[in-house]
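Inside the fold
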Amino acid sequence: KQEVTQIPAALSVPEGENLVLNCSFTDSAIYNLQWFRQDPGKGLTSLLLIQSSQREQTSGRLNASLDKSSGRSTLYIAASQPGDSATYLCAVIDPPGNTGKLIFGQGTTLQVKP
Amino acid sequence: DTGVSQDPRHKITKRGQNVTFRCDPISEHNRLYWYRQTLGQGPEFLTYFQNEAQLEKSRLLSDRFSAERPKGSFSTLEIQRTEQGDSAMYLCASRPRGDTQYFGPGTRLTVL
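Here the structure is a predicted model, which is why all the values come from computation and not from measurement. (Residues numbered from 1 in each chain as written. Chains lettered and ligands numbered in written order. Predicted model: local features only at pLDDT ≥ 70, side-chain atom pairs only at ≥ 80, totals over all residues. Heavy atoms only, no water.)

What about unusual backbone geometry?
Rules: Numbering of helices and strands runs from the N terminus; a helix is a DSSP stretch of H or I covering at least four residues, while a strand is a stretch of E covering at least two. Each residue is assigned to one of three classes by its accessible area relative to the maximum for its type, calculated with a 1.4 Å probe on protein chains only: buried under 20%, partly exposed between the two thresholds, exposed over 50%.
Look at the link from Ile-7 of chain A to Pro-8 of chain A: it is a cis peptide, with omega at 0 degrees. That bond from Asp-7 of chain B to Pro-8 of chain B is cis: its omega, -5 degrees, falls within 30 degrees of zero. As for its placement among the helices and strands, Pro-8 of chain B is situated in the loop between strand E1 (5-7) and strand E2 (10-13). The backbone of Arg-81 of chain B shows a phi angle near 50 degrees, a positive value even though the residue is not glycine. Mapped onto the fold, Arg-81 of chain B is located in the loop between strand E8 (75-79) and strand E9 (88-95). For Arg-81 of chain B, a relative accessible area of 46% translates into the label partly exposed.

Structure follows, in structure tokens:
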């Protein structure tokens, strides 16, 4: 059974710092992996999707990497801003032929202090 | 707004009452998912529809839960005889033929 773990559970940094959020999964036979952002009491916004054949994806100040063999993904946020404060969730995607459902980690809650 | 919509956004009910939530996916998205998220946790998969067919249900979906997607458009999630443990955020997502799921704002249920 696939399990996804995110460390740390919470992180507080001063504005301007570069930071790394970690995600690990137990079954390396994943299809794709997706990073989401969730603001308090709101739904999820997709940030980056990494295909299983890819090593990384970039969008603006965000860079996500994927190492299937070690069962790890990282989300790198450059030059953090207070507006980046949110919970970040990683999820592995059920393989094709199945449902494509997402299996989530518990999230990392990030606070960026001005 | 052409995103996924959910109604109501908040629901407070007494234990033992029935509640029904609605999800309107992005039009032409034939895949629809329901997830449940409790405080401090990531969302957990509940059920999946492809068009009007319900193709998978999680073990989390007890007999008190039922979901439908008539005509492959909007979907409803009903919880009968609610319990305090049902208090959570219920999230709906839709997906086109690609991989990205698009989430609605969620319905927050509080069972007193």
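What to know about the interface of chain A and chain B
Spelled out, the test is: Every residue pair with non-hydrogen atoms within 4.5 Å of one another is taken to be in contact. We count a salt bridge whenever a side-chain nitrogen from Lys or Arg sits within 4 Å of a carboxyl oxygen from Asp or Glu. In protein, a polar contact requires one atom able to donate a hydrogen and another able to accept it; more generally it is a pair of N or O atoms within 3.5 Å, and residues adjacent in sequence count only if both atoms are side-chain atoms.
At the interface, 21 residues of chain A touch 20 residues of chain B. Inspection of the region where chain A meets chain B yields one salt bridge. The interface formed by chain A and chain B includes five residue pairs in polar contact (both at pLDDT 80 or more). Mapped by element, the contributors of at least two residues to the side of chain A that touches chain B are strand E4 (32-38), strand E5 (44-51), strand E9 (86-93) and strand E10 (102-104) of chain A.

Overview of the side chain of Gln-101 of chain B
Topologically, Gln-101 of chain B is positioned in the loop between E9 and strand E10 (102-103). In this structure Gln-101 of chain B comes out as buried when scored by relative accessible area, which is 1%. Engagement of the side chain of Gln-101 of chain B in a polar contact is seen with the backbone oxygen of Gly-100 of chain A, the distance being 2.9 Å. Only 3.0 Å separates the side chain of Gln-101 of chain B from the side chain of Tyr-35 of chain B, close enough to count as a polar contact. In this structure Gln-101 of chain B touches Gln-34, Phe-36, Gly-100, Lys-101 and Leu-102 of chain A together with Tyr-33, Tyr-35, Ala-93, Ser-94 and Arg-95 of chain B, once residues within four positions along its chain are discounted.

So, the confidence of the model for chain A
Should pLDDT be low for a region, the predicted coordinates there are not to be read in detail. Put simply, the test is: A score from 0 to 100, pLDDT tells how confident the predictor is in each residue.
Averaged over every residue, the pLDDT of chain A is 92; the share at 70 or more is 98%. The least confident element of chain A is E5 of chain A, whose mean pLDDT is 92; the most confident is strand E11 (residues 108-113) of chain A, at 97.

A look at the sheet that holds E8 of chain B
Residues and elements named next belong to chain B. Put simply, the rule is: Here the rule is simple: two strands pair whenever DSSP picks up at least two bridges between them. Interaxial angles span 0 to 180 degrees and are taken between N-to-C directions of axes, which are lines fitted to C-alpha atoms, for helices over the stretch in contact.
On the basis of which strands lie adjacent, the open sheet formed by four strands has the order E1-E3-E8-E7 and antiparallel pairing. Lying at the two open borders of the sheet, with one neighbouring strand each, are E1 and strand E7 (65-68). Here the strands of the sheet are splayed against their neighbours by 15 degrees on average, with no regard to which way each runs.

Focus on the environment of Tyr-33 of chain B
Along the chain, the position of Tyr-33 of chain B falls in strand E4 (residues 31-37). Of note is the side chain of Tyr-33 of chain B, whose polar atom sits 2.6 Å from the backbone oxygen of Thr-99 of chain A. Only 3.0 Å separates the side chain of Tyr-33 of chain B from the side chain of Arg-95 of chain B, close enough to count as a polar contact.

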